[in-house]
Amino acid sequence: MDHLSFLGNSDIQTIDKLYHQYLLDPDSMDKSWSNFFAGFDFARKFSSSQDQGSEQLDKEFRVLNLIDGYRKRGHLFTKTNPVRARRNYFPTLAIENYGLSEHDLNTVFHAGTEIGIGNVPLRGIVDHLNQTYCRSTGSEYMYIRDPEKTDWLKSRLEGSKNETKFTISNKKKIFDLLMHAVGFENFIHKRFIGQKRFSLEGTESLIPALRFLIEKGSELGIEEFFISMAHRGRLNVLANIIQKPLENIFQEFTAEEYDEAIALGDVKYHLGYCNAITLDNNQQVMLNLIPNPSHLESASPVIQGAARAHIDHKYHGDFSKVAPVLIHGDAAIAGQGVVYEVIQMSELAGYRTGGTVHIVINNQVGFTTNYLDARTSTYCTDIAKVIKAPVFHVNGDDVEALVHTINLAMEYRHTFSSDVFIDILSYRKYGHNEGDEPRYTQPTLYKAIEKHPNPRDIYGGRLISEGILTQEEIANQQKAFSNLLDEKLTISKDIGKVRIQRFLADDWKGLKHASGIDFEKHYPHELTADLLKFIGEKINHLPPEDKFIDKTVKLVEDRKRMITEGKVDWALGELLAYGTLLYDGHPVRLSGQDSIRGTFAQRHAAHVIEDTDQIFVPLQHIAQNQAPFTIYNSPLNEYGVLGFEYGYAMACPNGLTIWEAQYGDFANVAQVIIDQFISSAEDKWGLMNGITLYLPHGYEGQGPEHSSARIERILLLAANNNMQVVNLTTPANLFHMLRQSMYRNFRVPLVIFTPKSLLRHPLCTSSLDDLVDGKFLEVIDDNEVDVAEVRRLVFCSGKIYYDLLARKTELGARDIALVRIEQLHPFPTALVERIIKKYGNTMITLWVQEEPGNMGPWRHIHHEFRKTEIIPVYRQSSGSPATGLLRLHQISQEDILAKVFRRCECELKRKYCGLQCVNGSTHQDILKQFSYFHENL
Ligand SMILES: Cc1ncc(C[n+]2csc(CCOP(=O)(O)OP(=O)(O)O)c2C)c(N)n1
Ligand SMILES: [Mg+2]
């Protein structure tokens, strides 16, 4: 009655009495009163049921919120860590945190339909959510912005397929794989005591995971896997997944010599292997495990490039035939920046590979560093969120959950052609390597690990309890495997030298390792003036139906005119080289920052159709059966892109693959690829590679960061014909170099220091005849001088030649010969010696460079000119490559030129002895004081 607050107290008491009478016997009272109370009662009941209804509705929403909470945060509350408790995260998923209570557990909620279990009590919903999201697998996917993907994942995770019912044979297979993984490590541990192997122990479930990944992939149509991984578990993967012969692996522990083809080799846990293996369904798949250097994650972009090359050329653009699999360490994936670069590239047109499967061997430690010191992010895999890829964190001890997740991940990748991450939560049985003491740094963790049974024994126990295997069967299997390993060890002792298998051997058929003499040969390839003109026309054609801006039209007209006049500049020489290669069936691929137009607006390999975003690429329209031409503006990274292109060249030796640095000095951001792959892969792994680097170089007063491509650094790495390093000064030489690199029967990385100001220098042109009839010139002699007149022989390389030439012309200095060394490595010793001999009369031989004395080619040249007295002219040695002020640059440039052309004031007057001969000292006296020249010349 408290609703009748508008009445006075006495009224209320009266009405209260009447109401009681109505409740006891409504017929005994006045009709109007009984009608009044009936109406009042209805209203009360109605309003109360409405209250209840809205409360129920409200709770339905709360249950939906709870479901959302599990989807978004369930992964924080899983049982995924096999050896220690997880961190505590707040708020928890307790129903109270969602405005529900124990009293609601038996209430039926329609919200159950949201997770596919229909109208069920809250208790059932919570159980289902815990089963789905909080057991051995934590699933992160709710940040994905594409509802098609999230719906797919929700239905797979929450629906009836959320658990695999493994057949007995599959269970036995999983056990067998685990048994091999554990047995292999135990065997090595006992037989090669104290030797480093970076065991997989603690994460042995990687082996069944990979095998099922490959089988599922094959079922989905994948024919080839490109796998990269670091040191941890590599031997186990080689043995039990790639099926590298066990005897070869064992041999590498004791061998003393490599086969002749290998110069230096590498430690066994860095080697790669390719093998076509036959799966249980009788399908064959090709597995390529790329060799890796110690530098963690550096192989990641490389394997992507190799995968893409096969997608493009072996599978003709069919992305479904190839899958890259990157196996990461937990510290490396979180810490190495190149992982970000690779992931950022994963969906870009030039670099996509149809979805990479990322697997993390998450042993919760990196060397001695705890995960809490190794990253800010919650998970080591949080980088996945950059591309909104799903992540599954799986307890490595629950191998069935892992295999189930692998299958799910492979289906996801197949459906959406995008990356997916599987984080195997596990541990590392020993220290960083087997001889390392982990209890110095993780004593508590290692107490837990010491007592922890291995995944084989855990799963074996489960299969025994399920009645699938007996203890005896398990013991017999282990014994049989151990006997096999012993047999292989015996065989290994008779092998002798270590042979490192040629990686991607099928692609490299017909190509050989180069020796010094191979660089001296020329590889003539027929080219007629008519064909060159035909290609010239094709690459300067604009489709008449499309409109282009005036400047594009003019550019094309200018280029056509150049060809009519029989002349080419740098860019035209470059494009003509590509055109001829494409015409001859060699694919050409170029990528780099702003490479399509060219940083210096020189290349214009594609033209944008006005008022559209479309481009027209003339080099793609040369002839019907031409090879493909692809050019991409790369993302703004160097390490990832160069690694990718190196990998591309590795898997496409028939093609010219070029990476261009925006300015040459930016190549140092990719130094790992240059040091660990480009310069050393052949020595380490017998791996040839024809990658071409364009490194713009030249001192034009643009400051410290835009002048030097660090020629000295590349030359420091050059030895034994491991690379070809050239600093070119004519379009014809570029043209011939590029073509020659494809026509010869070997491949080496080619580093070309490319010009900037020379791109528009009126003298830096070549004639069409030079292109048709010429050849690559390692050294360009001075053809303008009369040898008898020459008193000073000047060697130089690159752009400074044109500065010297201008000064020589200005001075009319007929007694100076300017000789360009175009190829810096392999050093053209014989040619240089011939030239020195030719000018035998000269008084002095100079080396002139624009770079400071501690940079540029000087130290390399000094070494190569061991037999000849050569005096250097260079900028003063310095820490920074160049000055920031144009005026200072001009002064030091003038100083170099002045020194080269300085005339002697002594008895050799009017002769170019290059020395300030004072106080009666003779030319020879001063020549002996060699150090004097360095500082004072
Ligand atoms: C770029 C780079 N920096 C440092 C090292 C030295 N290093 C070798 S292994 C390792 C720890 C790697 O930890 P993680 O990625 O978790 O792999 P795990 O050894 O635990 O399997 C370090 C720091 C390296 N190999 N590469
Ligand atoms: Mg680790």
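Just so it is clear, the structure is predicted and the values come from calculations on it, not from any experiment.

Chemist: Give a description of the confidence of the model for the chain that names residues and reports values.
Modeler: On average, residues of the chain carry a pLDDT of 92, and 93% of them reach 70 or more. Across residues 906–920, where pLDDT falls below 50, the model places 40 contacts with residues more than four positions away in sequence or in other chains. Segment residues 928–937: pLDDT under 50, and 24 contacts once partners within four positions in sequence are set aside and those in other chains are kept.

Chemist: Before we move on, can you summarise the sheet that holds strand 6 (residues 284–289) with the specific residues and values?
Modeler: In space, the eight strands of this open sheet follow the order 3-11-12-8-7-4-6-5, with mixed pairing throughout. Each having just a single partner strand, strand 3 (137–140) and strand 5 (273–278) make up the two edges of the open sheet. Shown here is a sheet whose adjacent strand axes are inclined to one another by a mean of 20°, direction ignored. Relative to strand 6, strand 5 is paired through six bridges, and the arrangement is antiparallel. Considered in strand 6, the bridge of Cys274 is made with Asn288. Together, strand 3, strand 4 (224–228), strand 7 (322–329), strand 8 (357–362), strand 11 (391–395) and strand 12 (420–425) form the strand contacts of helix 13 (residues 399–416), whose direction differs from that of strand 12 by roughly 170°.

Chemist: Lay out the pattern of salt bridges with the relevant residues and their values.
Modeler: Throughout the structure, instances matching the rule amount to 57 salt bridges. Linking Glu466 and Arg462 is a salt bridge whose minimum nitrogen-to-oxygen distance equals 3.1 Å. Given a relative accessible area of 35%, Glu466 falls into the partly exposed group. Taking the shortest distance from any N to any O, the salt bridge between Glu810 and Arg807 comes out at 3.9 Å. Taken together, the residues Glu810 and Arg807, both in helix 27 (residues 800–811) and three residues apart, mark about one turn of the helix. Classification of Glu810 as exposed rests on a relative accessible area of 60%.

Chemist: Please provide a residue-by-residue account of the site of ligand 1, values included.
Modeler: Taken together, 15 residues surround ligand 1, and among them Arg232, Ser294, Asp330, Ala331 and Ala332 come closest. Separating an oxygen atom of ligand 1 from a backbone N or O atom of Ala332 is a distance of 2.9 Å. The contact in question runs from an oxygen atom of ligand 1 to an N or O atom on the backbone of Val365, over 2.9 Å. For ligand 1, whose accessible area on its own is 580 Å², the fraction buried by protein is 76%. Counting only elements with at least two residues in the shell around ligand 1, the list comes to helix 10 (330–335) and strand 9 (365–366). Looking at the shell around ligand 1 element by element, the count peaks at three residues for helix 10. The class makeup of the residues in the shell around ligand 1 is five nonpolar, eight polar and two charged.

Chemist: Hey, could you go over the pairing of strand 24 (residues 792–796) for me, with residue numbers and the actual values?
Modeler: Successive residues of a regular strand alternate their side chains across the two faces of the sheet. The buried fraction of strand 24 is high, at five of five residues. Because side chains alternate across strand 24, one face comprises the buried residues Arg792, Val794 and Cys796, and the other comprises Leu793 and Phe795, equally buried. Pairing geometry for strand 24 and strand 25 (residues 816–821), over five bridges, is parallel. Paired with Val794 across the bridge in strand 25 is Leu818. Viewed along the sheet, the connection from strand 24 through helix 27 into strand 25 turns out right-handed. As paired strands, strand 24 and strand 27 (residues 844–852) are joined by five bridges and run parallel to one another. Directly across from Leu793, in strand 27, lies its bridge partner Thr845.

Chemist: Give a detailed account of the coordination of the magnesium ion (ligand 2), specifying residues and quantitative values.
Modeler: Bound to the magnesium ion (ligand 2) on the protein side are Asp330 (OD), Asn363 (OD1) and Val365 (O), at distances that span 2.0 to 2.1 Å. Written as a sequence motif, the donor residues of the magnesium ion (ligand 2) are D-x32-N-x1-V. With Asp330 in helix 10 and Asn363 in the loop between strand 8 and strand 9, this residue pair connects regions lying 33 residues apart in the sequence. Assessed through its relative accessible area of 4%, Asp330 is described here as buried.

Chemist: Explain the nonpolar core residue by residue, including any values.
Modeler: Ranked by internal contacts, the top residues of the largest apolar core, which has 93 residues, are Leu122, Leu213, Phe225 and Ile359. Considering each element in turn, this core owes the most residues, 10 residues, to helix 13. Setting aside its immediate chain neighbours within four residues, Leu213 contacts Phe225, Val325, Val357, Ile359, Ile406 and Met410. One finds Ile311, Val322, Ala661 and Ile835 within the second-largest nonpolar core, a separate group that totals 82 residues.

Chemist: Any chance you could break down the pairing of strand 18 (residues 656–660) for me, citing the residues and the numbers?
Modeler: Most of strand 18 is tucked away, with five of its five residues classed as buried. Residues Leu656, Ile658 and Glu660 of strand 18 are buried on one face, and the alternating residues Thr657 and Trp659, pointing to the opposite face, are buried as well. Both strand 14 (residues 588–592) and strand 18 contribute to a ladder of five bridges, which runs parallel. Opposite Ser591, over in strand 18, you have Trp659 as the bridge partner. For strand 18 and strand 19 (residues 692–696), the ladder comprises three bridges, and the chain directions are parallel. Among the inter-strand pairings, Ile658 is bridged to a residue of strand 19, identified as Thr692.

Chemist: Account for helix 20 (residues 570–583), naming residues and giving values.
Modeler: In this model, helix 20 (14 residues) spans 20 Å end to end at C-alpha, consistent with the 20 Å of a helix rising 1.5 Å per residue. Taking burial as the measure, the 14 residues of helix 20 include 13 buried ones, the bulk of the element. One or two residues past the end of helix 20 sits Gly585, with phi positive at roughly 90°.

Chemist: Quick one: what's the story with the sheet that holds strand 17 (residues 629–633), residue by residue and with numbers?
Modeler: The seven strands are arranged 17-14-18-19-21-20-26 in an open sheet whose pairing can be described as mixed. Here the strands that pair on one side only, and so sit at the sheet edges, are strand 17 and strand 26 (823–825). Across the sheet, the axes of successive neighbouring strands diverge by a mean angle of 20°, strand direction being ignored. With five bridges joining them, strand 14 and strand 17 adopt parallel strand pairing. Residue pairing for strand 17: Val588 is matched across the bridge by Phe629. Contacts from helix 21 (residues 639–650) reach strand 14, strand 18 and strand 19 within the one sheet, and its direction differs from that of strand 18 by about 170°.

Chemist: Go over the packing of helix 5 (residues 168–191) against helix 8 (residues 246–254) with me, naming the residues and quoting the values.
Modeler: The contact between helix 5 and helix 8 brings their axes to 12 Å, and the two run at 30°. Classified by the angle their axes make, helix 5 and helix 8 are roughly parallel. Between helix 5 and helix 8 the crossing geometry is right-handed. Along the contact surface, helix 5 presents Phe184, Phe187 and Ile188, while helix 8 presents Leu246, Ile249, Phe250 and Phe253.

Chemist: Kindly report on the state of the cysteines, identifying the contributing residues and their values.
Modeler: A disulfide bridge is the covalent bond that connects two cysteines by way of their sulfur atoms. Summed over all chains, the structure comprises zero disulfides. Here Cys274 is not disulfide-linked; the sulfur of Cys652 is the nearest cysteine sulfur, at 16 Å. Cys796 takes part in no disulfide bond, and the closest cysteine sulfur to it belongs to Cys764, at a distance of 13 Å. For Cys796, a relative accessible area of 0% corresponds to the buried category.

Chemist: An account of the side chain of Asp782 is requested, with residue identities and associated values reported.
Modeler: Following the sequence through the fold, Asp782 ends up in the loop between strand 23 (779–780) and strand 24. Asp782 sits in the buried class, given a relative accessible area of 9%. Within the structure, the side chain of Asp782 is placed 3.0 Å from the backbone nitrogen of Glu784, a separation counted as a polar contact. A distance of 2.8 Å separates a polar atom in the side chain of Asp782 from the backbone nitrogen of Leu818. If sequence neighbours within four positions are ignored, Asp782 has contacts with Lys808, Ile816, Ala817, Leu818, Val819 and Tyr839.

Procedures and definitions
- For every chain, the first residue of its written sequence is number 1, and the numbers climb from 1 along that sequence.
- Chains carry letters and ligands carry numbers; both start at the beginning, A for chains and 1 for ligands, and go up in the order they are written.
- Local features are withheld for residues below a pLDDT of 70 in this predicted model, meaning they are given only at 70 or higher, and side-chain atom pairs are given and counted only at 80 or more; totals for whole chains, interfaces and linings count all residues.
- To get the side-chain values, all heavy atoms of the structure are used, and hydrogens and water are removed first.
- Confidence per residue, as judged by the predictor, is encoded in pLDDT with a range of 0 to 100.
- Pairs of residues are marked as contacts when any of their non-hydrogen atoms sit within 4.5 Å.
- DSSP-based pairing: two strands are paired if at least 2 bridges between them are found.
- The secondary structure listing takes helices from DSSP runs of H or I that are at least 4 residues long and strands from runs of E that are at least 2 residues long, numbered from the N terminus.
- The angle between two axes is taken between their N-to-C directions and runs from 0 to 180 degrees, where each axis is a line fitted to C-alpha atoms and a helix contributes only its stretch in contact.
- Between Lys or Arg on one side and Asp or Glu on the other, a salt bridge is scored when a side-chain nitrogen of the former is within 4 Å of a carboxyl oxygen of the latter.
- Relative accessibility decides the category of a residue: with a 1.4 Å probe and only protein chains considered, values under 20% of the type maximum give buried, values over 50% give exposed, and everything between is partly exposed.
- Throughout, near means a residue has at least one heavy atom within 4 Å of the molecule or strand.
- Here a polar contact is recorded for every N or O atom pair within 3.5 Å, except that within protein the pair must consist of a potential hydrogen donor and a potential acceptor, and residues adjacent in sequence are included only if both atoms are side-chain atoms.
- In this description, accessible areas are obtained by the Shrake-Rupley approach with a 1.4 Å probe, and a residue is regarded as covered only by the protein chains that are shown.
- In this classification, Asp, Glu, Lys and Arg are treated as charged, Ala, Val, Leu, Ile, Met, Phe, Trp, Tyr, Cys and Pro as nonpolar, and every other residue, Gly included, as polar.
- Here a crossover is taken to be right-handed if, once the strands point away from the viewer, the path from the first strand over the helix to the second is traced clockwise.
- Sodium, potassium and calcium take a 3.2 Å donor cutoff, other metals 2.8 Å, and in both cases only N, O and S atoms count; water is not among them, so sites may look incomplete.
- By nonpolar core is meant a set of buried Ala, Val, Leu, Ile, Met, Phe, Trp, Tyr and Cys residues that side-chain atoms within 4.5 Å join together.
- The span expected for a helix works out to 1.5 Å for each residue beyond the first.
- Roughly parallel means an angle under 35 degrees; roughly antiparallel, over 145; roughly perpendicular, 65 to 115; everything else is oblique.
- Crossing handedness is read from the near helix: turned anticlockwise from the far helix by less than a right angle, it gives a left-handed crossing, and turned clockwise, a right-handed one.
- Only a pair of cysteine sulfur atoms within 2.5 Å qualifies as a disulfide here.

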